[in-house]
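What follows is the residue order along each chain.
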Amino acid sequence: IGGYWPKFIHGQTYSEFMRHGSILDSANTEKNTKQLSDALVHILGMLNGMSVHQTLVMGPSSEFVYSPLDCALRTDKLKIAGDYCNVPQAEMKAWLETSTSAINSALSVSTKTALIETSSVFCDDVSCKSNEREVMYYTDYHHVSPAGAEKLLANTNFGTYLAVK
């Protein structure tokens, strides 16, 4: 199960948030958080009732202000510093916090679920990166590229759930 969790919670993308400087519909954040958690509990209950043995939930992934292609071109052709497109790690963690909490709350009621943490894979202690050198990890502001998927497989427990039994 995966979704654009922060956009559902906040009603906007990280890029929109950065352009406006605030959450436009903060009054609905609490309501949206509860709806997300309740919906996940309901879905997991239905899957359990259908004898599904394991459910994977993709945690929220890092988001970016600028397109990774734009970042790669600016870095390569215009010789703009590569950190132009990076997002401070602390800011991204704060942006994802509400949706991460809602997901963890929902998952606490089911023993047959596993959360795949994705956001930390593209972040170090300082920043989150949509690309490094010539490698683009994202195809746009929040969808991983094939190279990003490879990095996820190498740096999370996701691959263990894909093994055929």
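Conventions we followed
- Residues numbered from 1 in each chain as written.
- Predicted model: local features only at pLDDT ≥ 70, side-chain atom pairs only at ≥ 80, totals over all residues.
- Heavy atoms only, no water.
- Disulfide = S-S within 2.5 Å.
- Buried < 20%, exposed > 50% of the residue type's maximum accessible area, 1.4 Å probe, protein only.
- Axes fitted to C-alpha atoms, helices over the stretch in contact; angles between N-to-C directions.
- Helix = DSSP H or I, 4+ residues; strand = E, 2+ residues; numbered from the N terminus.
- Left-handed = near helix turned anticlockwise from the far one by under 90°.
- Contact = heavy atoms within 4.5 Å.
- Nonpolar A, V, L, I, M, F, W, Y, C, P; charged D, E, K, R; others polar.

*Asks:* I keep staring at the state of the cysteines and nothing clicks. Help me out?
*Replies:* Disulfide: a covalent bond formed between the sulfur atoms of two cysteine residues. Taken as a whole and assessed by the stated rule, the structure comprises one disulfide. A disulfide bridge connects cysteine 123 with cysteine 128, and the sulfur atoms are separated by 2.0 Å. Here the S-S torsion is close to 100°, and the disulfide linking cysteine 123 with cysteine 128 is therefore right-handed. The same class applies to cysteine 123 as to cysteine 128, namely buried.

*Asks:* Teacher, can you tell me more about the packing of helix α3 (residues 29-49) against helix α5 (residues 89-107) here?
*Replies:* Relative placement of two packed helices is described by the angle separating their axes and the distance separating the axes. Axis separation between α3 and α5 bottoms out at 8 Å; the angle between their running directions is 35°. The chirality of how α3 crosses α5 is right-handed. For the pair formed by α3 and α5, the contact residues are Thr29, Thr33, Leu36, Ser37, Leu40, Val41 and Leu44 on the first element and Thr98, Ala102, Ile103, Ser105, Ala106 and Leu107 on the second. For the contact of α3 with α5, a count of residues per class yields eight nonpolar, five polar and no charged.

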